[in-house]
Amino acid sequence: MSELKTEKNFSNIQLAVFLGILVTISIIIKISAFPFELPIYQDGEVYFWYANDMSILKDFPVWEKHTFPNTLWPTILSGFFSLISSDNFIDYMSLQRFLSLSLSSITAIPIFFLCKKFVDTPYAIIASCLFLFEPRLIQNSLGGLAEPLFLLLGSISILLFLNKKMIWVIVSFVILALFVLTRYEGLVMIIPFSIMFFWRFRNKKYLIHYFTGIAIFLIIIFSMDSLENRTFENSTFGHLGATGNYFNKNIEPQEQCEVNDETVNCISENSRTINEIFFNSIFNIVKYYGWLTIPLFFIFLPLGLYQFFKNRNFEKWTVFLCAIFMLLPVFYAFVRDFEEMKYFYIQIPLLCIVTALAIEFIIKKIYKLKILIVVFCFGIILVGGIFYFEQISMDNHLEREYFEIAKKINSTMKVTNDVFPADKFIRSAKIAELTEFPVLRNSFDLFSLKVVSIHEKDTLNEFLEYAKENNLEYLVIDNDGDGVEFLYEIFHNETDFKFLEKIYDSKNDGYNYHVKFFRINYN
């Protein structure tokens, strides 16, 4: 009866037009806040340089002393870089942002077809709408990062794996390999795929199909891994050893020795206990997951989860197992103190399905299907848009100021202290000084400006000794002192420190971000 009602209310053309309108609105919202004149930083900048060097060399670049296991996204990006000609590095970074933006919007299509396996077509439209206007995904899509491609490939691989035709199930292993090459933590997905394959195909005659899929998967992975061994110190699999190094450093017993007149007493103690790391990581994972559900999912989560587990089947168990196993890389990251929301984004397809199930249950109690679908989609766009623009409008304005401050630091100093968040643009400011572009990353000293940590010492005198040893001639301090008490005192009571000469105050340029430069007189 519900299927008849769906067909009666929505034709295929209407659904295609509706989905197209949602994707278009999503792209317009993202472009309206597009930071055209701002450079990409941190991970996005590494992808940029890899793609830039590859587009110039027409080969995989060789970077010494660098670990970079996620090479598929910049490899694809390099092909697009080869198509444009510009002497402004910002143009290439804008293209990088636009491509990641486009991939994020296109992912709504496999999300739609994936959700159709759990809910009727109109509610799959709502699920796609949830994905398109999730504010964190909108912001992430403008960073030129690998997550949009990661989500696209992850959604497609699960969608194909659930297909009834064996050929598409095998193809899902190919897409899964590309998924792993986009971000190495996707490797754990081979476990739920294998479990659910044998659950679904219990006859031994299907073993050949499984091993065919696994063979193709491994060939793709190890082919790229061999290239990464040539170009980097650590490959995709070598990168996984970082956890062992972390535990050796932070958990293995450390000797604390006390020297008396005639004896030396040493006590072995851990810098952090295993239990402390484990429970802190679990607590933070739960906390971050809770934040992920705000603002679009949390209201519908209890009802949606009930509907999801009420009538369990192969499709539901597959999606659920994939989501659970993808929490393992989150734990892996959190125990190493890499607590970032991006590790949870692969959970959003599951949240879209769960929320769509809840909305389907609610709407089916009412008869005005078309009106309610439109109302729900409008509400999602409104809530997602408000959360997004409230954050991004101020962020873009401040980030322009951070970039300008970073330019001044580069032009004034050879050594600087770290001053978050302006220092994230230090390398971009160095690129801005280039008289020609594109150039290879190793053709100039990208790291010529040495950055000295302000968190190494507890007192001002200790810091000044440390700063002098590192040839630090200037102090860069913002209004909160980066959480360092003596720097906060200097910023707000500068006249009390006679050995410091203020040479710049951002308020004179009308900036909202308040930062001061001081020349240090060590005499």
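Now for a quick tour of the structure. (Residues numbered from 1 in each chain as written. Predicted model: local features only at pLDDT ≥ 70, side-chain atom pairs only at ≥ 80, totals over all residues. Heavy atoms only, no water.)

**Here we look at the packing of aromatic side chains**
So, step 1. Per the stated rule, a full pass over the model turns up 41 aromatic pairs.
So, step 2. Measuring from ring centre to ring centre gives 6.2 Å for Phe 161 and Phe 314, while their planes differ by 35°; the resulting arrangement is tilted. Of this pair, Phe 161 sits in helix α9 (residues 147–161) while Phe 314 sits in helix α16 (residues 314–325), placing them 153 residues apart in sequence.
So, step 3. Since its relative accessible area comes to 15%, Phe 314 is described here as buried.
So, step 4. Ring centres of Trp 199 and Trp 317 lie 6.4 Å apart, and the angle between their planes is 45°; this geometry places the pair in the tilted category. With a gap of 118 residues between them, Trp 199 in helix α11 (residues 190–200) and Trp 317 in helix α16 connect regions that are remote in the sequence.
So, step 5. Look at Trp 317 and you get partly exposed, because its relative accessible area is 28%.
So, step 6. Over the ring of Phe 308 we find Lys 316; its NZ or CZ atom is 5.8 Å from the centre of that ring. (Phe/Tyr/Trp six-rings, centres within 6.5 Å; stacked < 30°, edge-to-face > 60°. Helix = DSSP H or I, 4+ residues; strand = E, 2+ residues; numbered from the N terminus. Buried < 20%, exposed > 50% of the residue type's maximum accessible area, 1.4 Å probe, protein only. Lys NZ or Arg CZ within 6 Å of the ring centre and 35° of its normal.)

**A look at a nonpolar patch on the surface**
So, step 1. A cluster of nonpolar side chains, Ile 76, Phe 80, Leu 83 and Ile 84, forms an exposed patch at the surface whose accessible area comes to about 350 Å².
So, step 2. Tracing the sequence through the fold places Phe 80 in helix α4 (residues 72–81). (Patch = residues over 30% accessible without salt bridge, like charges linked within 9 Å, V, L, I, M, F, W, Y side chains within 5 Å. Areas by Shrake-Rupley, 256 points an atom, 1.4 Å probe, with all protein chains shown as cover. Salt bridge = Lys/Arg side-chain N within 4 Å of Asp/Glu carboxyl O.)

**Brief notes about the side chain of Asn 470**
So, step 1. Take Asn 470: it is sitting in the loop between α21 (460–469) and β5 (474–478).
So, step 2. In contact with Asn 470, not counting residues within four places along its chain, are Val 415, Lys 450 and Val 452. (Contact = heavy atoms within 4.5 Å.)

**Observations regarding the nonpolar core**
So, step 1. Ranked by size, the top nonpolar core spans 143 residues in total, and within it Leu 22, Phe 161, Phe 173, Phe 344, Ile 405 and Ile 409 carry the most contacts.
So, step 2. Residue contributions to this core peak at eleven residues, all from helix α18 (residues 348–363).
So, step 3. If you look at the next biggest cluster of nonpolar residues, it comprises 20 residues, including Ile 454, Leu 475, Leu 500 and Phe 518. (Core = buried A, V, L, I, M, F, W, Y, C linked by side-chain atoms within 4.5 Å.)

**Comments concerning the side chain of Asp 418**
So, step 1. Locating Asp 418 in the fold gives a position in the loop between β3 (415–417) and α20 (426–432).
So, step 2. In this structure Asp 418 is buried but unpaired, with Arg 427 as the nearest side chain of opposite charge at 12 Å.
So, step 3. Once residues lying within four places of it in the same chain are set aside, the contact partners of Asp 418 are Asp 423, Val 451, Val 452, Ser 453, Ile 454, His 455 and Asp 482. (Lys, Arg positive; Asp, Glu negative; His and termini not counted.)

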